[in-house]
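Structural overview for review
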Amino acid sequence: MIESIDQTILVAASTIVAFGMATIMIFVRAKAATKPITPKKIILPPVFMSTGAFMFLFPTFRVSLLGIGEAVMVGLFFSIFLIKLTKFEISEKDIYVIPSKAFILILISLLMIRMIIKMIIGSVISFGETSGMFFILAFTMILTWRVAMLRKYYQLKKVIEKGM
């Protein structure tokens, strides 16, 4: 079914969805900064996102081993920016994520870079395989970022328990 839809329409639609998701993420992140962070809030986003792996049950979305490796490497690279920008602060024995204006800029920049790469790759491989690669890229990026956040969180938790 996906093969019968024009590639241009699929790329345009997936770009619109990606921008919508980025916009939602900016608002969610801004709201989350007003409440203390918890391990549950750190862990749940990649858990929820992992359900997207069901796409690989369909042959259209399957990715070659080389494609998986490339997507993981780019995801790890992109996660470095998110990890570096995510800072925490302790306030009244609670841990908060410090809002960063650079986060929005980096998120939009990463999205633009992904779109450019998607257009280049999309002209060489099928839309389904491109979608699979970008799911792997995004999941790797978010999982790595969230693991780093969890590690920082527990380091700060130890500081709080020792009495700051």
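Per-chain numbering applies: the sequence of each chain, read as written, is numbered from 1 onward. Two thresholds apply to this predicted model, a pLDDT of at least 70 for residue-level local features and 80 or more for giving and counting side-chain atom pairs, whereas whole-chain, interface and lining totals are computed over all residues. Side-chain measures were taken over the full set of non-hydrogen atoms in the model, leaving aside hydrogen atoms and water.

Our focus in this paragraph is the pairing of strand β1 (residues 87–91). DSSP calls a pair of strands paired once it identifies at least 2 bridges connecting them. Helix and strand definitions follow DSSP, with helices as H or I runs of at least four residues and strands as E runs of at least two, each counted in order from the N terminus. Here β1 runs beside strand β2 (residues 94–98); their pairing, made up of five bridges, is antiparallel. Note that in β2 the partner of S91 across the bridge is D94.

The interhelical angle for the contact between helix α3 (residues 65–85) and helix α4 (residues 101–122), taken along N-to-C directions, is 175°, at an axis separation of 10 Å. As the angle between them shows, α3 and α4 are arranged roughly antiparallel. Within the contact between the two elements, α3 uses F78, F81, L82 and L85 and α4 uses A102, F103, I106, L110, I113 and R114. Gly is placed with the polar residues, together with every amino acid not listed as nonpolar (Ala, Val, Leu, Ile, Met, Phe, Trp, Tyr, Cys and Pro) or charged (Asp, Glu, Lys and Arg). Residue classes in the contact of α3 with α4 are distributed as nine nonpolar, no polar and one charged. To get an axis, a line is fitted to the C-alpha atoms, and for a helix only the part in contact is used. The angle between two axes follows their N-to-C directions and goes from 0 to 180 degrees. Roughly parallel covers angles under 35 degrees, roughly antiparallel covers those over 145, roughly perpendicular covers 65 to 115, and oblique covers all other angles. In what follows, a contact means two residues having at least one pair of non-hydrogen atoms within 4.5 Å.

The next point concerns the packing of α3 against helix α5 (residues 127–161). At a minimum axis separation of 7 Å, α3 and α5 run at an interaxial angle of 40°. Comparing their axes, α5 and α3 come out oblique. Judged by the twist between their axes, the crossing of α3 over α5 is right-handed. Listed contacts from α5 to G67, I68, E70, A71, V72, V74, G75, L76, F78, S79, L82 and I83 of α3 are M133, I136, L137, T140, M141, T144, W145, A148 and K152. In the contact of α3 with α5, the residues fall into 14 nonpolar, five polar and two charged. Note on convention: the crossing is left-handed when the near helix lies turned anticlockwise from the far helix by less than a right angle, right-handed when the turn is clockwise.

By the element assignment, S131 lies in helix α5. S131 gets classed as buried once you look at its relative accessible area, which sits at 14%. Other than its neighbours up to four places away in sequence, S131 contacts M55 and F61. Each residue is placed in one exposure class: buried if its accessible area under a 1.4 Å probe, protein chains only, is under 20% of its type's maximum, exposed if it is over 50%, and partly exposed if it falls in between.

What follows concerns unusual backbone geometry. In terms of backbone geometry, most residues other than glycine have negative phi values and most peptide bonds are trans. A positive phi angle is found at E92, which is not glycine, with a value near 50°. Looking at where E92 falls in the secondary structure, it is placed in the loop between β1 and β2. One non-glycine residue, K93, lies in the positive phi region at around 65°. If you trace the backbone, K93 turns up in the loop between β1 and β2.

We now examine the environment of G75. Its place among the elements puts G75 in helix α3. Along the primary structure G75 and R29 are separated by 46 residues, whereas in three dimensions their C-alpha atoms are 20 Å apart. Every residue in contact with G75, bar those within four places of it in the chain, is listed here: L137, T140 and M141.

Here the term patch refers to residues with relative accessible area over 30% and no salt bridge, with like charges joined within 9 Å and nonpolar side chains (Val, Leu, Ile, Met, Phe, Trp, Tyr) within 5 Å. Accessible surface area values rest on a Shrake-Rupley calculation with a 1.4 Å probe, where residue burial reflects the displayed protein chains alone. Definition used for salt bridges: Asp or Glu carboxyl oxygen within 4 Å of a side-chain nitrogen of Lys or Arg. Where nonpolar side chains cluster on the molecular surface, the patch consists of F19, I104, I108 and M112 and spans about 320 Å² of accessible area. If you tally residues by element for the nonpolar patch, the top one is α4, at three residues. If you trace the backbone, I108 turns up in helix α4. For I108, a relative accessible area of 38% corresponds to the partly exposed category.

Let's shift gears to the packing of aromatic side chains. Think of it this way: a Phe, Tyr or Trp ring, Trp meaning its six-membered ring, pairs with another when their centres are within 6.5 Å, and the plane angle makes it stacked under 30 degrees, edge-to-face over 60, tilted otherwise. Overall, the coordinates contain five aromatic pairs when judged by the stated rule. Judged by centre distance (5.9 Å) and plane angle (65°), the rings of F56 and F135 are edge-to-face. Taken together, the positions of F56 in the loop between α2 (39–49) and α3 and F135 in helix α5 put the pair 79 residues apart, joining distant regions of the chain. In this structure F56 comes out as partly exposed when scored by relative accessible area, which is 21%. Look at F135 and you get buried, because its relative accessible area is 14%. Ring geometry for F135 and F139: centres 5.9 Å apart, planes at 10°, overall stacked. In this pair, F135 and F139 are both assigned in helix α5, four residues apart and thus about one turn of the helix distant. Among the aromatic residues, those joined into a cluster by ring pairs are F56, F135 and F139. We note R146 situated over the ring of W145; from NZ or CZ to the ring centre the distance is 4.7 Å. The criterion is that NZ of a Lys, or CZ of an Arg, lies within 6 Å of the ring centre and within 35 degrees of the ring normal, and then a charge sits over that ring.

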